[in-house]
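The residues making up each chain are set out below.
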Amino acid sequence: MASLGSVGRNSHKFERPPFNTSSSSSSAPTNSSLKSNGGGGGGGGGAQGQQHSARPKGPTSNSRRSITPTSRTRALPIDYDPESERVRVAVRLRPRNADDPPDADYAECVEIQPELKRLKLRKNNWSSEAYRFDEVFTETSSQKRVYEAVAKPVVESVLEGYNGTVMAYGQTGTGKTYTLGRIGREDPSERGMMVRSLEDILASISATDSVEVSYLQLYMESIQDLLAPEKTNIPIVEDAKTGEVSVPGIEIIKIRNLDHFLQILQLGESNRHAANTKMNTESSRSHAILTVYIRRSANEKEETDTSNGNHVPTVRKSKLLIVDLAGSERVNKSGSEGHLLEEAKFINLSLSSLGKCINALAENSPHIPIRDSKLTRLLRDSFGGSARTSLIITIGPSSRHHAETASTVMFGQRAMKVVNTVKLKEEFDYESLCKKLESQVDRLSAEIDRQQKLRENERGELNKLLDAFENSSAEAEKRFLAKSELLQKENARLASEMKEVLQELDMQKQQNKMLIDEVARLVTSVKNTKSLEEENARLESELNDVIKELQNQKDQNIIMHDEVKRMEMNSKHIKQQKQDNSAYQKVLAETTQMYEGKIADLMKQISDIQVSLEKNEVENSRYHKALVDTTKMYENRINELNQQFEEERARAGEIEEVNSTKELLKEYQNSVQVNAKKEINELQMRLQEMNQLHETTANELRLLSVEFKNLESEKATLENELHYVKQSLEKEEKRRKESETELLNVMKGVPESEEDFEEKVSYMHEHLTKKFSSLQNPNNSNRTRETILSQRNTITKICEEVGLQKILSLLESGDLDVQIPAVKVVANLAAEDSNQEKIVNEGGLDALLMLVESSNNTTILRVASGAIANLAMNAMNQGLITNKGGAKLLASASSKTDDPQTLRMIAGAIANLCGNGKLHVILKEDGAIKALLRMTRLENTDVIAQVARGLANFAKCESRRFMQGHWRSRSLLMDDGALSWLVANLNTTSTSTRRHLELAICHLAQNEENGRDFISSGALKQLIEISEGSAKEDIRNLAKKTLRLSPLFRKELRSE
């Protein structure tokens, strides 16, 4: 079976964690405190062997209520069990590895009784204590069985709308990360609870549900986002009113599928802090919290708002926390020092605070010290809050860690007494309702826009009709005006004609008057003619008298004869006058007849003219009357049209438009109401169908639950039988594949031994420190020496049984699960001087260089670089490494990764090569010095320490060669800016690193060719400060000696 000790890491993102439990901020001391001894992570204290007792149920404080204003608490089910709300605790035993004692002591520490769910912890052969847990798992229990018993009930509860927490607790190296965060890409059976939980959640949700994750770590009391490493020291914000705790600004990612989650999980695990200790090759140095946010629509009948008849949907928001706590450790066992020691302090401190909170909750203390640590603030809802919590504690079988195991067990026992108030968080889904209303508003807005467009179109048509009416009115008015003008012209013409007729009548009257005057004259002339005729008749009568008198006097005197002649003459003259009178009478008669005809014609014409005048006057009066009537009619019509036009224009935008709009709105509202009623009826029908379907489904679910219980009982019996069969098969398989299984198990448990590549011959201060520490802690020194000897004996035994050649051949395998354990074994073998020659002769160095060149796996690069660093401690191997291009490969590998631990290994290997003065030129040409300085870009203290050690080795060897006369040129470090880097970092590093920097500056100063560079870069001032204020006396003496022997430095000091 694969070891639980080494685990790959993965991750994802984060939103607003709605914690709804509140804690007092009082600083009063708690009733019980936990002693942090590094074994159980704050689990010490308390009576051993006691059975758990359920905490009294019954939420008496309002602080247990949900803070969501629209949340609704469900009524408890009929089969309610108070035990279901307390913290469920399971224990898992890790298989043995190389660090555990021999078989004689193996069975004396822990005895597992899974059928009784009991664990016995032995102190010695005659004293043992029994503890009962909810589940007890042996070292052979599969990942699937552990998940189904511990995490699956919590996952199912989260899917129903409750908050849940799954947490792993235990000593470092007992398999917490393996149990929770194992990815298992090649072997799905190795998957941990994180992957299996997301697999079940994604299989259970619908398309309308959403799943989001966040992944953070608590490293040295600083919250860091594993999905966005640039976000560090994130604050915790607490709502003063509701007590809700949130971590604003953390990255939250929506999960699409399981592969997407695996990528995110692997990203987060790669950003998590881990280190190599004596207890674990990849020890987690931070607490990791994976948060899964689930948002689901409620499956029950939606409530109805009776005020408006709208359905108010409900939504269930739940949260799953999977917490991988960093392992507690004792410094004397883990061998932590420097930065690792600081990390261990913060880990034990936060675990101690968690233990204090659980103690207070278990003892019903009035004060819960929730604010003592950021970890307890983040987990405030998991213990004593509203979440359903499952805790799995991991222990090791070794009696060497009895105290740590006992502390872990007691932590689990106290956690079983904590009772949570589990509540269903169901809210009105105002978001979806808002979206629905927004869609309705959009639809209604679109309908209103459409109606507005219709109204605008109708208004446009009305405007067109109005324009047409105005145009027609204008044309009619123009026609009327034109016709009026024509009538006026005709009237004027008729008036002029009337005037002409009247003038002609006047002329005719005048002519008639003239004719009448002429007639009167003619009448008078006729009268005169009659008088002439009378005169003629009188004259004729007188003539007759005369003639009678003449005839009577014919016989008178001759005297009278003349008188007779004259009388005759007169008679002739009268006759002529008579002829003239007759002609005149004839002419007068003709003239009279002519004038009488003319007068008759004129009288006739006058009568005709008078008749025509009368007719014209009648027609004129009738036409004038019609013209006046028509004019009045058209004027009235024009006035009416103008009034109608003004009224139409005034009421066009108001009355008719408002009326039409009101009618359209009434029609639209009626249609909307009809459609809404239809939709409501359809929804009610669908809701009734869903209720019927829900009832049938519930009945089927009850039947299925009964069948499931029967199947579970059958499964339990089959599992028991299968267990016994598996045991027998495993025994046979062990006998058949004993050597290969032992090799794989041991190789997977072999530590990387990253500390072994350090210089074997260090400075005197290190020797004195080690001697002083060994004098103070003889027991710790003996134990460490025994552990190292046991580990090396085991590896040597494997090497002898399997063969070094076979182990080296595994380095060429394409399987990472084979390459990683194999390279770890080779790295540990390379830590021994006796094994280094064999490794080089068998081709191990070539294989390690090949891995450094071709592999992109961070673990392989780190461990292979550490193995090369171990080999580089030997002078012969140093020449082989550089001749095979090892320095160039290491320089190239440093640019392929940003992992601090890998860069630390690479820097250590190059630092060991810098201790050989013959290789300096090759290291310079291969770019190793530039790579060494380039690795400080991450500002990691461990990497900077190795770089400082390498520069100190380089400067020391170069100074020795300069003193011996083998080197007379300027230092090779000057071209790459090493001196400037040494000066810049001298006052910003730790004490041990500062010692290396001071030594490097002192040795570089011994080369007189570097004097100008010292003066220009300010290194001379640093050298003076070292001579006066260095913590090491030997370094102060070396600096003073250098200043005293250098003429250039003395001259510069005198000039100042």
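Computed from a predicted model, the values in this text were never measured in an experiment.

Novice: What should I look at first to understand the overall build of the protein chain in this one?
Specialist: Per the secondary structure count, the protein chain includes 32 helices and 19 strands. For the protein chain, buried positions account for 42% of its 1056 residues. Counting only contacts in the protein chain whose residues sit at least 6 apart along the sequence, the fraction spanning at least 24 positions is 77%.

Novice: Quick question: what am I supposed to make of the sheet that holds strand 4 (residues 128-132) here?
Specialist: Sheet strands line up and pair through hydrogen bonds in the backbone, either parallel or antiparallel. Ordered in space as 2-3-4, the three strands form an open sheet in which the pairing is antiparallel. In this open sheet, the two strands that pair with only one neighbour each are strand 2 (110-113) and strand 4. Taken pair by pair, the neighbouring strands of this sheet meet at an average axis angle of 20°, ignoring direction. Against the sheet, helix 10 (residues 402-415) touches strand 2, strand 3 (118-122) and strand 4, its axis set at about 145° to strand 3.

Novice: Would you explain the pairing of strand 6 (residues 163-170) in this entry?
Specialist: Residues in a regular strand point their side chains to alternate faces of the sheet. Strand 6 sits mainly inside the fold: eight of its eight residues count as buried. Going residue by residue along strand 6, you find N163, T165, M167 and Y169 tucked away on one face and G164, V166, A168 and G170 tucked away on the opposite face as well. Alignment of strand 6 against strand 17 (residues 314-324), held across five bridges, turns out to be parallel. When the bridges of strand 17 are listed, M167 appears paired with V323.

Novice: Any chance you could explain the pattern of salt bridges here in plain terms?
Specialist: A side chain of one charge can pair with a side chain of the opposite charge when the charged atoms of the two come close. Overall, the coordinates contain 22 salt bridges when judged by the stated rule. A salt bridge links D209 to R296, with the shortest nitrogen-to-oxygen separation between them at 3.2 Å. Here R296 lies in strand 14 (residues 287-297) and D209 lies in the loop between helix 5 (193-204) and strand 7 (210-219), a separation of 87 residues in the sequence. Owing to a relative accessible area of 10%, D209 belongs among the buried residues under this scheme. Across the pair R377 and E238 runs a salt bridge whose closest N-O atoms are separated by 3.8 Å. Of this pair, R377 sits in helix 9 (residues 374-378) while E238 sits in strand 9 (residues 237-238), placing them 139 residues apart in sequence. We classify R377 as buried; its relative accessible area is 18%. Residue E238 is classed as partly exposed on the basis of its relative accessible area of 23%.

Novice: Sorry if this is basic, but what is going on with a positive patch on the surface here?
Specialist: There is a patch of like positive charges on the surface, built from R1012, R1050, K1051 and R1054. At three residues, helix 32 (residues 1047-1055) tops the list of elements feeding residues into the positive patch. Classification of R1054 by relative accessible area gives exposed; the value is 64%.

Novice: Quick question: what am I supposed to make of the packing of aromatic side chains here?
Specialist: A complete count under the given rule lists two aromatic pairs for this structure. When the ring of Y169 is compared with that of F411, the centres are 3.7 Å apart and the planes differ by 10°; the resulting orientation is stacked. Placement of the pair is Y169 in strand 6 and F411 in helix 10, with a sequence separation of 242 residues. Here the basic side chain of R388 rests over the ring of Y162, its NZ or CZ set 5.5 Å away from the ring centre.

Novice: Where do I start with the pairing of strand 14 in this structure?
Specialist: Extensive coverage of strand 14 is indicated by the burial of nine of its 11 residues. Of the strand pairs in this sheet, strand 7 and strand 14 are connected by nine bridges, and their pairing is antiparallel. Residue pairing in the sheet places L216 in a bridge with I289 of strand 14. Pairing of strand 14 with strand 17, which is carried by 10 bridges, proceeds in the antiparallel orientation. Bridge pairing links S297 to V315 in strand 17.

Novice: I would appreciate a short explanation of the packing of helix 2 (residues 143-150) against helix 5 in the present structure.
Specialist: When two helices pack together, their arrangement is captured by the angle between the axes and the distance separating the axes. At their nearest, the axes of helix 2 and helix 5 sit 10 Å apart, and the two run at 65° to each other. The element helix 2 and its partner helix 5 pack so that their crossing is right-handed. Here helix 2 contributes Q143, K144, V146, Y147 and V150 to the contact with helix 5, which in turn contributes M193, R196, S197 and D200. Within the contact of helix 2 with helix 5, the residues separate by chemical class into four nonpolar, two polar and three charged.

Novice: Just to check I follow, could you spell out helix 6 (residues 258-270) for this structure?
Specialist: Quick reminder: α-helices carry 3.6 residues per turn. Residues three or four places apart thus point the same way. Taking 1.5 Å per residue, 13 residues should reach 18 Å; helix 6 reaches 18 Å between its end C-alpha atoms and fits that length. Those residues of helix 6 that are buried lie in contact with helix 4 (176-181), helix 5, strand 7, strand 11 (253-254) and strand 14. With a side-chain oxygen lying 3.3 Å from the backbone nitrogen of D259, the N-terminal cap of helix 6 falls on N257.

Novice: When you look at a negative patch on the surface in this model, what are you seeing that I'm missing?
Specialist: A cluster of like negative charges, contributed by E186, D187, D815 and D817, occupies part of the molecular surface. Here D187 is to be found in the loop between helix 4 and helix 5. A residue is classified by how much of its surface remains accessible, and D187, at 36% relative accessible area, is partly exposed.

Novice: Explain the nonpolar core to me, please; I cannot follow it from the model alone.
Specialist: The nonpolar side chains of soluble globular proteins are, as a tendency, buried together. Counting 81 residues, the largest nonpolar core has L811, L848, L951, F1014 and L1023 as its most contacted members. Counting 50 residues, the second largest nonpolar core, distinct from the first, contains L119, I289, L325 and I358.

Novice: I'm lost on the confidence of the model for the protein chain in this one. Help?
Specialist: For any part of a model where pLDDT is low, the fine detail of the predicted coordinates should not be relied upon. On average, residues of the protein chain score 75 in pLDDT, and 71% of them reach the 70 mark or higher. When the elements of the protein chain are averaged for pLDDT, helix 14 (residues 764-776) gives the smallest value, 39, and strand 1 (residues 88-93) the largest, 95. Long-range and interchain partners of residues 1-80, a stretch whose pLDDT sits below 50, account for 270 contacts in this model, where long-range means more than four residues apart.

Novice: Just checking my understanding: could you explain the environment of V150 for this structure?
Specialist: The residue V150 is located in helix 2 in this model. Placed 59 residues apart in sequence, V150 and V91 show a C-alpha to C-alpha distance of 9.8 Å. Once you skip the residues sitting within four places of it in the chain, V150 turns out to touch A90, F137, M193, S390 and I392.

Novice: Would you mind showing me how to read unusual backbone geometry here?
Specialist: Trans is the prevailing form of peptide bonds, just as negative phi is the prevailing case for residues other than glycine. Residues other than glycine seldom take positive phi values, yet N233 does so here, at roughly 50°. Within the element layout of this structure, N233 appears in the loop between strand 8 (222-225) and strand 9. Taking the relative accessible area as the measure of exposure, N233 reaches 52% and is therefore exposed. The phi dihedral of E939 falls on the positive side, at around 60°, and the residue is not glycine. The class for E939 is exposed, based on a relative accessible area of 66%.

Novice: Is there a simple way to explain the packing of helix 28 (residues 991-1005) against helix 31 (residues 1033-1045) in this structure?
Specialist: The geometry of helix 28 relative to helix 31 is characterised by a closest axis approach of 9 Å and an angle of 20° between their N-to-C directions. Looking at the two axes, helix 28 sits roughly parallel to helix 31. Regarding helix 28 and helix 31, the two cross each other, and that crossing is left-handed. Facing helix 28, whose interface residues are R995, E998, L999, C1002, H1003 and A1005, helix 31 presents I1035, L1038, A1039 and T1042. Residue composition of the contact of helix 28 with helix 31, grouped by class: six nonpolar, two polar and two charged.

Novice: Help me out: how do you make sense of a nonpolar patch on the surface in this one?
Specialist: On the surface, L722, V725 and L729 cluster together into a nonpolar patch covering about 260 Å² of accessible area. Look at L722 and you get partly exposed, because its relative accessible area is 44%.

Novice: Sorry, what's going on with the state of the cysteines here?
Specialist: Disulfide: a covalent bond formed between the sulfur atoms of two cysteine residues. What the rule picks out here adds up to zero disulfides. Between C957, a free cysteine, and C914, which holds the nearest cysteine sulfur, the sulfur-to-sulfur gap is 8.5 Å. By relative accessible area, which is 6% here, C957 ends up buried.

Novice: Where do I start with the side chain of E343 in this structure?
Specialist: Note on placement: E343 falls in helix 8 (residues 339-362). Look at E343 and you get buried, because its relative accessible area is 5%. Within the structure, E343 has its side chain in polar contact with the side chain of Y219 (distance 2.4 Å). Beyond its immediate chain neighbours, meaning those up to four positions away, E343 contacts Y219, M220 and R285.

What counts, and where the lines are drawn
Residues numbered from 1 in each chain as written. Predicted model: local features only at pLDDT ≥ 70, side-chain atom pairs only at ≥ 80, totals over all residues. Heavy atoms only, no water. Helix = DSSP H or I, 4+ residues; strand = E, 2+ residues; numbered from the N terminus. Buried < 20%, exposed > 50% of the residue type's maximum accessible area, 1.4 Å probe, protein only. Contact = heavy atoms within 4.5 Å. Pairing = 2+ DSSP bridges. Axes fitted to C-alpha atoms, helices over the stretch in contact; angles between N-to-C directions. Salt bridge = Lys/Arg side-chain N within 4 Å of Asp/Glu carboxyl O. Patch = residues over 30% accessible without salt bridge, like charges linked within 9 Å, V, L, I, M, F, W, Y side chains within 5 Å. Areas by Shrake-Rupley, 256 points an atom, 1.4 Å probe, with all protein chains shown as cover. Lys, Arg positive; Asp, Glu negative; His and termini not counted. Charge placed at Lys NZ, Arg CZ, Asp CG, Glu CD. Phe/Tyr/Trp six-rings, centres within 6.5 Å; stacked < 30°, edge-to-face > 60°. Lys NZ or Arg CZ within 6 Å of the ring centre and 35° of its normal. Left-handed = near helix turned anticlockwise from the far one by under 90°. Nonpolar A, V, L, I, M, F, W, Y, C, P; charged D, E, K, R; others polar. Expected span 1.5 Å × (residues − 1). Polar contact = N/O pair within 3.5 Å; in protein donor to acceptor, adjacent residues only side chain to side chain. Core = buried A, V, L, I, M, F, W, Y, C linked by side-chain atoms within 4.5 Å. pLDDT = per-residue confidence, 0-100. Parallel < 35°, antiparallel > 145°, perpendicular 65-115°, else oblique. Disulfide = S-S within 2.5 Å.

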